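Structural overview
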Amino acid sequence: MFSSKYHIGWYRDLIDRSGGVRGTQQFARLFVVPGMNHCGGGYATSQFDAFGALVKWVEQGQGPSALIGTAPADTPWPGRTRPLCAYPAQPRYVGHGSIEDAANFVCVAVRDDDGDQGGSNGGNGHGNDDNNHQ
């Protein structure tokens, strides 16, 4: 089983070899799903359309800045949605509206340990924009 720390470490190494977050996000993105088990399940917003996002990226050149995850029926909060932000961005509640609805969250760029900033997509935090580094 792999932890998210392993994948984040791998992605950070990729960022280092690829000239930074912006350059790396031209060809690779990492989406961490808090609470999701290795192959799915767990108490998480673990239902999302990664394949559809990949097809849109390849066919239309619109890489995903976030995926919308939905909590399945067997979680404590069935139907809850959250943006699953492209690393290193993280979701932040906007301060009003239901905490069960992804529309009330934005993906916010955070500074990583190396001082590199990336992943903010501006806008509503869960659309698909062309460059994902506005």
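On a predicted model such as this, the values are computed, not experimentally measured, just so you know.

Cut-offs used in this document
- Residues numbered from 1 in each chain as written.
- Predicted model: local features only at pLDDT ≥ 70, side-chain atom pairs only at ≥ 80, totals over all residues.
- Heavy atoms only, no water.
- Helix = DSSP H or I, 4+ residues; strand = E, 2+ residues; numbered from the N terminus.
- Buried < 20%, exposed > 50% of the residue type's maximum accessible area, 1.4 Å probe, protein only.
- Areas by Shrake-Rupley, 256 points an atom, 1.4 Å probe, with all protein chains shown as cover.
- pLDDT = per-residue confidence, 0-100.
- Contact = heavy atoms within 4.5 Å.
- Polar contact = N/O pair within 3.5 Å; in protein donor to acceptor, adjacent residues only side chain to side chain.
- Core = buried A, V, L, I, M, F, W, Y, C linked by side-chain atoms within 4.5 Å.
- Expected span 1.5 Å × (residues − 1).
- Arc of directions from axis to C-beta.
- Phe/Tyr/Trp six-rings, centres within 6.5 Å; stacked < 30°, edge-to-face > 60°.
- Lys NZ or Arg CZ within 6 Å of the ring centre and 35° of its normal.
- Salt bridge = Lys/Arg side-chain N within 4 Å of Asp/Glu carboxyl O.
- Disulfide = S-S within 2.5 Å.

Each helix and strand counted, the chain has three helices and six strands in total. Across the chain, helices and strands are ordered from the amino to the carboxyl terminus as α-α-α-β-β-β-β-β-β. Of all 134 residues assigned to the chain, the portion counted as buried reaches 37%. Split by element, the accessible area of the chain, about 7500 Å² in all, is 53% carbon and sulfur.

Attention now goes to the confidence of the model for the chain. Within the chain, residue pLDDT values average 84, and 81% of them lie at 70 or more. Looking at the elements of the chain, mean pLDDT is at its lowest for strand 6 (residues 117-118), recorded as 48, and at its highest for strand 4 (residues 105-108), recorded as 98. Segment residues 117-134 is flagged for pLDDT under 50; beyond a separation of four residues in sequence, or across chains, it makes 66 contacts in the model.

The next thing to look at is the side chain of Arg-12. Tracing the backbone shows Arg-12 in helix 1 (residues 4-17). Within the structure, the side chain of Arg-12 is placed 3.2 Å from the side chain of Tyr-87, a separation counted as a polar contact.

Quick look at the nonpolar core now. The biggest cluster of nonpolar side chains holds seven residues, and these are Tyr-11, Leu-14, Ile-15, Val-21, Ala-28, Leu-30 and Tyr-87. The biggest single contributor to this core is helix 1, with three residues. In this structure, Val-33, Ala-44, Ala-53 and Leu-67 belong to the second largest nonpolar core, which totals five residues.

Its 14 residues place the ends of helix 1 20 Å apart at the C-alpha level, agreeing with the 20 Å of an ideal helix rising 1.5 Å per residue. For helix 1, every residue scored as buried is listed here: Tyr-11, Arg-12, Leu-14 and Ile-15. For helix 1, the buried positions fall inside an angular range of 155° around the axis, keeping them on one side. Helix 1 presents Lys-5, Asp-16 and Arg-17 as exposed residues on the side facing more than 90 degrees away from its buried surface. Buried residues along helix 1 sit in contact with helix 2 (21-24). Looking one or two places after helix 1, you find Gly-19, whose phi comes out positive at around 85°.

For any pair of aromatic rings, geometry is given as the distance between the ring centres together with the angle between the planes. This model, assessed by the stated rule, comprises three aromatic pairs. Three or more aromatic residues joined by ring pairs make a cluster, and in this case those are Trp-10, Tyr-11 and Tyr-87. Above the plane of the ring of Trp-57 lies Arg-29, whose end atom (NZ or CZ) is 4.6 Å from the centre.

Under the counting rule described, the total for this entry stands at one salt bridge. Of the charged contacts in the structure, one is a salt bridge between Glu-100 and Arg-80, with a shortest N-O distance of 2.8 Å. You can see Glu-100 sitting in the loop between strand 3 (90-93) and strand 4 and its partner Arg-80 sitting in the loop between strand 1 (66-70) and strand 2 (81-85), a full 20 residues away along the chain.

Attention now moves to the state of the cysteines. Per the stated rule, a full pass over the model turns up one disulfide. A sulfur-sulfur separation of 2.1 Å characterises the disulfide bridge that pairs Cys-85 with Cys-107. In this structure the cystine formed by Cys-85 and Cys-107 twists about its S-S bond by roughly -85°; its chirality is therefore left-handed. Taken together, the residues Cys-85 in strand 2 and Cys-107 in strand 4 connect sequence positions 22 residues apart. As far as burial versus exposure is concerned, Cys-85 and Cys-107 are alike and both buried.

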